[in-house]
Amino acid sequence: MLGETKVSFSGVQPSGNLTIGNYLGAIRNFSLYSEAYKCFYCVVDSHAITVRQVPAELRRRTYETLALYIACGLDPQKNTLYVQSHVHEHTELAWILNCFTMFGELSRMTQFKDKSTKHADNINAGLFTYPVLMASDILLYQTDVVPIGIDQKQHVELCRNIADRFNQIYPGTFTMPEPIIAKDGKKIMSLAEPTKKMSKSDENANAVVYILDDKDTIIRKFKRAVTDSDTCVRFAEGKDGINNLMSIYSCFTQKTYEEIEREFEGRGYGDFKLAVGEACAAALEPIQKEYAKLLADKAYLEQVMAKGAEEASYVARRTLGKVKKKLGFVIPSSHT
Ligand code: TRP
């Protein structure tokens, strides 16, 4: 907490194209806090380099992710939108927190286990300590809430353990953050294998709907979505494909499952899939238009990230200074 105001913090990696899962599970919820909270939303480029990146692509995606934040409804006047590497306190605090994080804790992180299987030729130390950098992101801003998709819950729990361990030794240093996971849309599944999470790195292009897919592509992907041999649109155990489509439809239309079941009573899966595709395309259209406009104005995006970095640095500097003092580091006299 910063004085009287509660703080919301989250981050998105500028790697890969964002999916409707990222949108519904996380980004869409960031704006819920814009009015009552002080909000920091970061493009986490330092996290992205834990797997190899093509420099030109990383640079392009950093602008794109920032543009997408704004296009998804985050007003840069009301939210601090910035790039992680522009605020060096993130990596500096991460080193300190490394010394308060246990090897065993990091070994239990499921994302580390998954990523080290996927990138078996590059299991670097950064991949291992990734959650410590994430804890540093969150704790630097005295964050109260962290809106995230369910896959990041374990990392926020680790962050709480680190904060608690630090606070036990140096009381009153960090605010304890709460993960906030969207009730609906917390786990959007693959359209091809609906028992698996929709993932931006899926090799099957039909499994994933990207925020920037055009209408025809969206409708085609939903038409091909895997369902079941039943013919009735209803939410039930074992109907993973239909359950997932109902959940997506509900997120985009605000209709309840009962309303959806009534709407499609006596109608086939074909009709339903088309309706889901159309609802999704209609919801994404204004975002895509705004995104295209923003990306054409690089100078504006640079202005937003510069203002964001300045605001973020101000807070980050204060927390890091407090941490260093508590640890017993000598503060150079020019800094007091
Ligand atoms: N690890 C998150 C992801 O891959 C991104 C992230 C980095 C983040 N730092 C964060 C999310 C801090 C929330 C808070 O999705």
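The structure presented is a predicted model; accordingly, all values stated were derived computationally and were not measured. Positions within a chain are numbered from 1, following the residues in the order the chain's sequence is written. Where local features are concerned, this predicted model is filtered to residues with pLDDT of at least 70; where side-chain atom pairs are given and counted, the filter is 80 or more; whole-chain, interface and lining totals use all residues. Hydrogens and water are ignored here; the side-chain numbers use all heavy atoms of the structure.

Taken domain by domain, the protein chain consists of domain 1 (6-181 + 297-335) and domain 2 (205-292). For the purposes of this description, domain bounds are those given by an automatic or database domain assignment. Placing a centre on the C-alpha atoms of domain 1 and another on those of domain 2 gives a separation of 32 Å. One side-chain nitrogen of Lys or Arg within 4 Å of one carboxyl oxygen of Asp or Glu is enough to make a salt bridge. Linking domain 1 to domain 2 there are zero salt bridges. Between N or O atoms, a polar contact is any pair within 3.5 Å; within protein, one atom must be a potential hydrogen donor and the other a potential acceptor, and residues adjacent in sequence are included only when both atoms are from side chains. The tally of links from domain 1 across to domain 2 stands at three residue pairs in polar contact (both at pLDDT 80 or more). Numbering goes from the N terminus for both helices and strands, where a helix is a DSSP run of H or I of at least four residues and a strand is a run of E of at least two. Of all the elements in the fold, those that place two or more residues in the side of domain 1 that touches domain 2 are α1 (20-30) and α3 (55-71). Charged means Asp, Glu, Lys or Arg here, nonpolar means Ala, Val, Leu, Ile, Met, Phe, Trp, Tyr, Cys or Pro, and polar covers whatever is left, Gly included. The class makeup of the residues in the side of domain 1 that touches domain 2 is eight nonpolar, two polar and two charged.

Below, the discussion takes up the nonpolar core. For the purposes of this section, nonpolar cores are sets of buried Ala, Val, Leu, Ile, Met, Phe, Trp, Tyr and Cys residues that join through side-chain atoms within 4.5 Å. Buried means the residue's accessible area, taken with a 1.4 Å probe over protein chains only, is under 20% of the maximum for its type, while exposed means over 50%, and partly exposed covers the values in between. Of all hydrophobic cores here, the largest spans 59 residues; its most connected members are Ile-20, Tyr-69, Phe-222, Phe-252, Phe-272 and Leu-284. Taken together, the elements giving at least two residues each to this core come down to α1, β2 (38-43), α3, β3 (79-83), α9 (215-223), α10 (240-253), α12 (269-295) and α13 (298-327). When residues in this core are grouped by element, the largest group, eleven residues, is from α12. Of the residues that make up this core, three or more belong to each of domain 1 (6-181 + 297-335) and domain 2 (205-292). Grouped together as the second largest cluster of nonpolar side chains are 41 residues, Ala-135, Val-146, Val-315 and Val-323 included.

With glycine set apart, most residues show a phi of negative sign, and most peptide bonds adopt trans. The phi dihedral of Gln-142 falls on the positive side, at around 50 degrees, and the residue is not glycine. Structurally, the position occupied by Gln-142 is in the loop between α7 (125-140) and β4 (145-148). A relative accessible area of 8% means that Gln-142 is categorised as buried. One non-glycine residue, Gln-254, lies in positive phi territory at about 70 degrees. Within the fold, Gln-254 resides in the loop between α10 and α11 (257-263). By relative accessible area, Gln-254 is classed as exposed at 59%.

This part takes up the state of the cysteines. Should the sulfur atoms of two cysteines be covalently bonded, the bond is a disulfide. Whenever a pair of cysteine sulfur atoms sits within 2.5 Å, that pair is classed as a disulfide. Applying the stated criterion across every chain yields a total of zero disulfides. The thiol of Cys-99 is unpaired, and the distance to the nearest cysteine sulfur, on Cys-159, comes to 16 Å.

Let's shift gears to the site of the ligand. Around the ligand there are 13 residues in total, and Gln-13, Tyr-130, Met-134, Asp-137 and Gln-152 lie nearest to it. In the model, an oxygen atom of the ligand is placed 3.2 Å from a nitrogen or oxygen of the Gln-13 side chain. The side chain of Tyr-130 places a nitrogen or oxygen atom 2.7 Å from a nitrogen atom of the ligand. Summarising the interface, the protein chains cover 89% of the accessible area of the ligand, which totals 370 Å² for the free molecule. Elements that contribute at least two residues to the shell around the ligand include exactly β1 (7-12), α7 and β4. Top contributing element to the shell around the ligand by residue count: α7, with four residues. Class assignment for the residues of the shell around the ligand results in seven nonpolar, five polar and one charged. Residues are counted as near a molecule or strand when any one of their heavy atoms sits within 4 Å of it. A 1.4 Å probe and the Shrake-Rupley method give the accessible areas. Residues count as covered only by the protein chains that appear here.

What follows concerns the packing of aromatic side chains. Ring pairs shown here join Phe, Tyr and Trp side chains whose ring centres sit within 6.5 Å, with only the six-membered ring taken for Trp; geometry is labelled stacked below 30 degrees between planes, edge-to-face above 60, and tilted in between. Across all of its chains, the model carries 17 aromatic pairs by this definition. For the ring pair Tyr-33 and Tyr-37, a centre distance of 5.0 Å and an interplane angle of 80 degrees mean the geometry is edge-to-face. Plain terms: the ring middles of Phe-100 and Tyr-170 are 6.2 Å apart, the flat faces sit at 70 degrees to each other, and that makes the pair edge-to-face. On the criterion of sequence distance, the pair formed by Phe-100 in the loop between α4 (89-98) and α5 (103-107) and Tyr-170 in the loop between α8 (153-169) and β5 (178-181) is long-range, its members being 70 residues apart. The same class applies to Phe-100 as to Tyr-170, namely buried. An aromatic cluster is present here, built from Phe-9, Phe-40, Tyr-82 and Tyr-141 joined pairwise through their rings. Only when the NZ of Lys or the CZ of Arg is both within 6 Å of the ring centre and within 35 degrees of the ring normal is a charge said to sit over the ring. Above the plane of the ring of Phe-40 lies Lys-38, whose end atom (NZ or CZ) is 5.0 Å from the centre. Directly above the aromatic system of Tyr-63 lies the positively charged group of Lys-298, at a separation of 4.8 Å from the ring centroid.

With that out of the way, let us pick up the side chain of Gln-152. By secondary structure assignment, the location of Gln-152 is in the loop between β4 and α8. For Gln-152, a relative accessible area of 13% translates into the label buried. There is a polar contact of 2.8 Å between the side chain of Gln-152 and the side chain of His-155.

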